[in-house]
Amino acid sequence: MSRSIVRQSKFRHVFGQAGKTEQGYDDIRVSKVTWDSSFCAVNPKFLAVIVESSGGGAFLVLPLSKMGRLDKNHPLVTGHTGPVLDIDWCPHNDNILASCSEDTTAMVWQIPDQMGTRPISEPIVVLEGHSKRVGIVTWHPTARNILLTAGSDNLIIIWNVGTGEALISMDDHPDLIYNVSWNRNGSLFCTTCKDRRLRVCDPRKREVVAERMAPHDGIRPMRAIFTRDGNLFTTGFTRMSQRELGLWDPTSFEEPIALLELDTSNGVLLPYYDPDTNMVYLCGKGDSSIRYFEITEEPPYVHYLSTFSSKEPQRGMGFMPKRGVDVSKCEIARLYKLHDKKCEPIAMTVPRKSDLFQDDLYPDTAGSDPALEPEEWLEGRDEDPTLQSLRDGYVPPKSRELKVAKKNVLDTRPTTRRSMSSCDGSANLPPQLVERLLEEVQNLKATVLSQEKRICDLENKLSKYTNGTA
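In this text the structure is predicted, and so the values were computed from the model without any measurement.

## Quick word on the side chain of Arg-199
- Following the sequence through the fold, Arg-199 ends up in strand 18 (residues 197-202).
- When neighbours within four sequence positions are excluded, Arg-199 is seen to be in contact with Asp-172, His-173, Pro-174, Phe-189, Cys-190, Thr-191, Cys-193, Val-208, Ala-210 and Glu-211.

## A look at the sheet that holds strand 5 (residues 57-63)
- The sheet built from four strands is open, its strands ordered 3-4-5-7 with antiparallel pairing. At either margin of the open sheet sits one strand with a lone partner, and together these are strand 3 (40-42) and strand 7 (76-80). Neighbouring strand axes in the sheet, compared pairwise and without regard to direction, differ in orientation by 20° on average.
- When strand 5 meets strand 7, the two strands line up antiparallel, connected through three bridges.

## Description of the pattern of salt bridges
- Counting across every chain of the model gives 21 salt bridges.
- Here Asp-340 makes a salt bridge to Arg-315, at a shortest N to O gap of 2.9 Å. Note that Asp-340 is positioned in the loop between strand 29 (331-338) and strand 30 (342-349) and Arg-315 in the loop between strand 27 (302-309) and strand 28 (316-319), a separation of 25 residues in sequence.
- Between Glu-331 and Arg-334 there is a salt bridge whose closest N-O contact spans 2.9 Å.
- Owing to a relative accessible area of 6%, Glu-331 belongs among the buried residues under this scheme.
- Salt bridges linked by common partners bring Asp-195, Arg-197, Arg-199 and Glu-211 together as one network.

## Remarks on unusual backbone geometry
- Cis rather than trans, the peptide bond between Pro-299 and Pro-300 has omega equal to 0°.
- Here Pro-300 shows up in the loop between strand 26 (289-295) and strand 27.
- Positive phi is not limited to glycine here, since Arg-196 has a value of about 70°.
- Looking at where Arg-196 falls in the secondary structure, it is placed in the loop between strand 17 (189-193) and strand 18.

## A closer look at the UniProt feature "repeat: WD" (unreviewed entry) in the protein
- Feature annotation in UniProt assigns "repeat: WD" (unreviewed entry) to the following positions: residues 77-111 and 127-169.
- Annotated as residues 77-111, this span is 0% helix and 63% strand, and its ends, taken at the C-alpha atoms, are 9 Å apart.
- Helix makes up 0% of residues 127-169 and strand 56%, and the two end C-alpha atoms of the span are 13 Å apart.

## Quick notes on the pairing of strand 27
- With seven bridges joining them, strand 26 and strand 27 adopt antiparallel strand pairing. Paired with Ile-290 across the bridge in strand 27 is Phe-308.
- Between strand 26 and strand 27, which pair antiparallel one after the other, the connecting turn spans six residues, and Tyr-301 there sits at a positive phi close to 75°.

## Describing the pairing of strand 28
- Here strand 28 shows two buried faces, one formed by Gly-316 and Gly-318 and the other by Met-317 and Phe-319.
- Relative to strand 29, strand 28 is paired through four bridges, and the arrangement is antiparallel. Looking across to strand 29, one finds that Gly-316 is bridged to Leu-338.

## Some details on the packing of aromatic side chains
- One pass over the structure, following the stated rule, counts ten aromatic pairs.
- Both rings, one in Trp-182 and one in Trp-377, keep their centres 6.1 Å apart while their planes meet at 80°; by these two values the pair is edge-to-face. You can see Trp-182 sitting in strand 16 (residues 177-182) and its partner Trp-377 sitting in helix 1 (residues 374-378), a full 195 residues away along the chain. Like Trp-182, the residue Trp-377 is buried in the burial classification.
- Judged by centre distance (5.7 Å) and plane angle (45°), the ring pair of Tyr-281 and Phe-319 falls under tilted.

How each quantity is defined
- Numbering of residues starts from 1 in every chain and runs along the sequence as written.
- Predicted model: local features are reported for residues with pLDDT of at least 70 only, side-chain atom pairs are reported and counted for 80 or more only, and whole-chain, interface and lining totals are derived from all residues.
- Computation of side-chain values covers all heavy atoms of the structure but excludes hydrogens and water.
- To qualify as a helix, a DSSP run of H or I must reach at least 4 residues; to qualify as a strand, a run of E must reach at least 2; elements of each kind are numbered from the N terminus.
- Any two residues having at least one pair of non-hydrogen atoms within 4.5 Å are treated as being in contact.
- Here, strands pair whenever DSSP counts at least two bridges between them.
- What counts as an axis is a line fitted to C-alpha atoms, over the stretch in contact for a helix, and the angles between N-to-C directions run from 0 to 180 degrees.
- What makes a salt bridge here is a side-chain nitrogen of Lys or Arg within 4 Å of a carboxyl oxygen of Asp or Glu, nothing more.
- Only protein chains enter the accessibility calculation, which uses a 1.4 Å probe; a residue whose area is less than 20% of its type maximum is buried, one above 50% is exposed, and one in between is partly exposed.
- UniProt positions are given in the numbering used here, feature names are shortened, and annotations may be inferred rather than shown by experiment.
- Aromatic pairing here means that ring centres of Phe, Tyr or Trp (its six-membered ring) are within 6.5 Å. Orientation follows from the plane angle: under 30 degrees is stacked, over 60 is edge-to-face, and everything else is tilted.

Structural data, given as structure tokens:
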């Protein structure tokens, strides 16, 4: 009698469980913009959701602990003049968030631990370089202050938000860019595009190093992400509009490692990848289920594990970084499902009898410290993420201010021609006068900074009194 051999995996019995009603976030008016982004971003401190807003674009930021019904007076982040299309938390600072919008700009925000009562309308830095709406914003995984934006002008720009300047610009895409994903050490990124090509780009060489025409035969939007091994996981559609997933080796794009048809549905499948477990979670907009798979080195390479199903369809999804999960409950992932008017946490758990820390489930994971400075990355250096242990859980650090040192625009502005008569008397100033003027400028700058800090302290005190925490 033949016996079926069951594949050995510690993730075969992972199950999803929605949080209780009181653990959700109610009365959130999720944005109705027709754009295939997740509309939600989450980190160990905050939940951010793009919301409906009149007179421009806005998003909501809530401390994770502020569950239940949303206070009607809770402030929004309201700096954009057009609908917000994408948001992303900085992996190296839990209080820094980037957003992009139909108003052709991307903005970087400092979110205080105490939100106060007034809307946040002043970003730390505004990034202006696109000529059409900006639909994608994503942080570099290992280098400090490096941010990538992609717009409907088919342009990809990489910024140093610490100085507010554009470092790299790439115009290799002839049509709309659907998504961008960095690899593990940030040396490459992959893109999917409306021209049906999957590309792997080296930003510092400013070139496409590999590409594949039509990894999926259908004409509907694709998504692609890098796995920890350097392979590419893609979702798309067949010619018959069936949803499909694929696994590819970018060094030999001719044949896929794996290709799997799923079902017939209209929603684009958004993949969320956990490099520690090598698992990928597929969430389709308009679906009421989350499928999850494990990627391995043996056939069939992409193994279906299970499906979490619920009654209501999802409008978007947020994926918690590994350092934010609850290790005491053997939680290996947490997703935040957006409904029309609320957000619901979903915990993915491996059943274990022991209450002890499970070393095999929690290898050291990417921490919040950057491995590189912007200048080092730009010069060609690569480093894997700085790792940290989850044995004692993760405690988010206190708010750290992002300092933006903008370069003087006057230094890069072309010199204007002036007639000799207008500059005869001021062309050669005495060195003593120049030194005195420079000293006065420095003193004024110091005064302005001290006043700004005083204003910030007073606002924090005021918010504590109004919230009743003082």
